[in-house]
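Observations on chain architecture
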Amino acid sequence: MNAGPMRAADKARQKAFRTAFPSYGQRPSWGSRLLRLFGWGLLLLGVVLLIVVIDGWRAFGTGAEGARLERMARSPQWHDGGFVNPQPILNNWERTLSDLFHSSPESSPRMPVVVDRIDPKRFATPPADGLRVTWMGHSSTLVEIDGLRVLTDPMWGERTSPLEWIGPKRWFPAPIALDALPPIDAVVISHDHYDHLDFATITAMKDWNTTFVVPLGVGAHLEYWGVPANHIVELDWWERTKVKGLDIVCTPARHASGRFLQQDKTLWAGWALVGPQHRVYYSGDTGLFPAMEEIGAKLGPFDLTMIETGQYGAGWPDWHLGPEQAVLAHRLVKGRLMLPVHWGLVTLAYHGWTEPIERSLVAAKHDGVGITAPRPGQDFLALAPLPVERWWPDRPWKTAEEAPIVASQIPPKLREGHPALPLLLVPAAVSPQGTGTQAAKPNAQTAPPTGSVPAANPQAAPQGANPTAAKPPVTPPATNPPEMNAPATAPRGASPTAANPQAAPATASPPSSPPQGAGTKPANPPAVAAPATSPQGAGPAVATPHE
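Residues numbered from 1 in each chain as written. Predicted model: local features only at pLDDT ≥ 70, side-chain atom pairs only at ≥ 80, totals over all residues. Heavy atoms only, no water.

1. Some remarks on the overall build of the protein
Where we set the bar: We count a stretch as a helix when DSSP gives it H or I for four or more residues in a row; a strand needs E for two or more, and each element gets its number in order from the N terminus. When accessible area is computed with a 1.4 Å probe and restricted to protein chains, residues below 20% of their type maximum are described as buried, those above 50% as exposed, and intermediate ones as partly exposed. Any pair of residues with heavy atoms lying within 4.5 Å of one another is described as a contacting pair. Accessible areas in this description were obtained via Shrake-Rupley with a 1.4 Å probe; residue shielding takes into account the shown protein chains only.
For the protein, the count of helices and strands is nine helices and 18 strands. For the protein, the residues scored as buried account for 54% of the 547 residues in total. For the protein, contacts bridging at least 24 residues in sequence account for 75% of all contacts bridging at least 6. Counting only carbon and sulfur atoms, one obtains 59% of the accessible surface of the protein, whose full area is about 24000 Å².

Here it is as structure tokens:
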């Protein structure tokens, strides 16, 4: 056998192969290795995204269409295919990235947070003064107002995420099981971000005999998740609906919305709960904005404000108020007692987890604002609240000077004046044994029986100011609200009960208010058995302090 010609043929084939595939048999370069690694990374990322999309598909919700979308497009807040703020939101990405690498080591609790477990029997006895609130953590509250029960932004899920296996995890279980709650008359949702519109919670509630009151577009998510359309009321800013005698008014907010790829396709809002005798304001998520004055003028004064104070950052100062601006917002909307919310449950920002309440107490004391700070699961009577007790640990936190939150595009005059409202006192109600409600009572840290303190400064605290960080006691409020505007016919696609507030009929006039002035130290009210009955809309008779 002649091997020479065969070897020559093999060499020719090898040469042709090397010509067609020049890198075969050679060690790959670093460039080709990095390119191959990048390709595998993209493939892995694609697989992960595919898993996320498949797993979270229903939790992402769905967009509006048909008559719902037509109604949204007629909203004054709708421009170029989405909702917008009158004052655009500005972001400082450089500061945001910097804060990412300098986040507080105290952003989450080091030890388990102890909460008050709620005995369902508590709700069998209605609040004696007609207004009781239970804070569940973050922005979830149960408001008992004038015989009705309202849930705000219920979040019973394990994570503020569309996925069950990844995302910010709550620090403690809900203080009461969802199915152990008493009958709920209305559920109000501020916007569709995951920490406010929770898929697991809504799907568990979808068969409840209740009314879901939501901003424009959010109803599409609820219907997609199984909530009957006739249980959903969608409102634009300044529209209202009535649920069993309680007016629920959609108020402006400065924020955004979005789930997955749908950004700003649904509206964001705050809410005013206006009963025959009491009024409550819930800010939702918001930055500071001038229309807060208008909310106070049209719908206030409020017996209680529930205002977001946490999850803020200097890189996004228009998204959230921050503690000092939250106290200013409370004054702008004419609130009497302030409940800080949007803190104490999950880590969604870089600040220490106790910082929102610490700074809120300092700012409230400086401005003469009544404030309460219940433990999650603890209820309180808004007209006779508990003195502030520090249930959270003493951890390091940054002051207003060290980490100021200053919203953009705000007229300087908005930060001036607006003194805290004077106190209107009612006698502390005695709760039946086992209800869990406690009235305000004096203690070693609270000089006057009501827990009020004189203000160090009757005007608004300058932004960034950090007065002495004393722990301010609680100030009990009460008020008789002014008349409100009545609704006009709702636009197409709205619930028959939703309408624009225009031209209100006259209602009973409220009693004259005491002179305004921050930090007014009221005289103790005379002991009475019970408040007198007032005409509907005028509010309960209360003892009025004088200077």
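2. So, the sheet that holds strand β9 (residues 240–243)
For clarity, the threshold we go by: Any two strands with at least two DSSP-identified bridges between them are counted as paired. For helices, the axis comes from a line fit to the C-alpha atoms of the stretch in contact; other axes are also lines fit to C-alpha atoms, and the angle between any two N-to-C directions lies between 0 and 180 degrees.
If you trace the seven strands from one edge of the open sheet to the other, you get β9-β10-β13-β14-β15-β16-β17, paired in mixed fashion. The open sheet is flanked by β9 and β17 (370–371), the only strands paired with a single partner. Sheet analysis places strand β10 (residues 246–251) next to strand β13 (residues 270–274), joined by five bridges and oriented antiparallel. Opposite Val249, over in β13, you have Ala272 as the bridge partner. Against the sheet, helix α7 (residues 292–299) contacts β9, β10, β13, β14 (279–282) and β15 (302–308), and its axis sits at roughly 160 degrees relative to β10.

3. A few points about the pairing of β14
Our working definition: With strands facing away from the observer, any crossover in which the path from the first strand over the helix to the second runs clockwise is taken as right-handed.
Covered by surrounding structure in β14 are Arg279 and Tyr281 together with Val280 and Tyr282, the residues of both alternating faces. Looking at chain direction, β13 and β14 are connected through four bridges and run antiparallel. Across the sheet, residue Trp271 finds its bridge partner in β14, namely Tyr282. The antiparallel pairing of β13 with β14 creates a hairpin that spans four residues between the two strands. Examined bridge by bridge, β14 and β15 share three bridges and lie parallel to one another. Following the sheet pairing, Val280 is matched in β15 by Leu304. As for the winding sense of the linkage, the β-α-β connection from β14 through α7 to β15 is right-handed.

4. Some details on the side chain of Thr286
Worth spelling out the cut-off: Polar contact is defined as a pair of N or O atoms within 3.5 Å, subject to the rule that within protein one atom must be able to donate a hydrogen and the other to accept it, and that residues adjacent in sequence are counted only when both atoms are side-chain atoms.
Tracing the chain through its elements places Thr286 in the loop between β14 and α7. In this structure the side chain of Thr286 is engaged in a polar contact, spanning 2.9 Å, whose partner is the backbone nitrogen of Arg254. Contacts of Thr286, omitting those with residues within four sequence positions, involve Ala253, Arg254, His255, Met292, Glu308, Trp319, His320 and Leu321.

5. Topic: the sheet that holds strand β4 (residues 140–145)
Overall, mixed pairing links the seven strands, which are arranged β8-β7-β6-β5-β4-β3-β18 in an open sheet. With one partner strand each, in any of the chains shown, β8 (232–235) and β18 (379–381) form the two edges of the open sheet. For this sheet, the mean inter-axis angle between neighbouring strands, taken without regard to orientation, is 20 degrees. Pairing of strand β3 (residues 131–137) with β18, which is carried by three bridges, proceeds in the antiparallel orientation. In the strand pairing of β18, Val133 is matched with Phe380.

6. Some points on a nonpolar patch on the surface
Basically, it comes down to this: Only residues whose relative accessible area exceeds 30% and that form no salt bridge enter a patch; like-charged residues are grouped when within 9 Å of one another, and nonpolar side chains (Val, Leu, Ile, Met, Phe, Trp, Tyr) when within 5 Å. Salt bridge, as used here: a side-chain nitrogen of Lys or Arg that lies within 4 Å of a carboxyl oxygen of Asp or Glu.
A surface patch of nonpolar side chains, about 640 Å² in accessible area, is lined by Trp40, Leu43, Val47, Ile51, Trp165 and Ile166. Tracing the chain through its elements places Leu43 in helix α2 (residues 30–55). Overall, the relative accessible area of 48% leaves Leu43 in the partly exposed class.

7. A few points about α7
How we decide: Throughout, the arc means that of the directions going from the helix axis to the C-beta atoms.
Among the residues of α7, those classed as buried are Met292, Ile295, Gly296 and Leu299. Seen from one end, α7 has its buried residues packed into an arc of 100 degrees, which puts them on one side. On its buried side, α7 packs onto β9, β10, β13, β14, β15 and α8 (323–332).

8. Points about the pattern of salt bridges
Within this structure, the stated rule accounts for 22 salt bridges. For Arg68, the salt bridge goes to Glu234, with nearest N and O atoms at 2.5 Å. Of this pair, Arg68 sits in helix α3 (residues 66–73) while Glu234 is found in strand β8, placing the two residues 166 residues apart along the sequence. Per residue, the accessibility class of Arg68 equals that of Glu234, and both read buried. Residue Asp379 pairs with Arg132 through a salt bridge whose shortest N-O separation is 3.9 Å. Taken as a pair, Asp379 in strand β18 and Arg132 in strand β3 lie far apart in primary sequence, 247 residues in all. Each member of the pair, Asp379 together with Arg132, is buried. Here the residues in one salt-bridge network are Arg122, Arg132, Glu144, Arg149 and Asp379, joined through shared partners.

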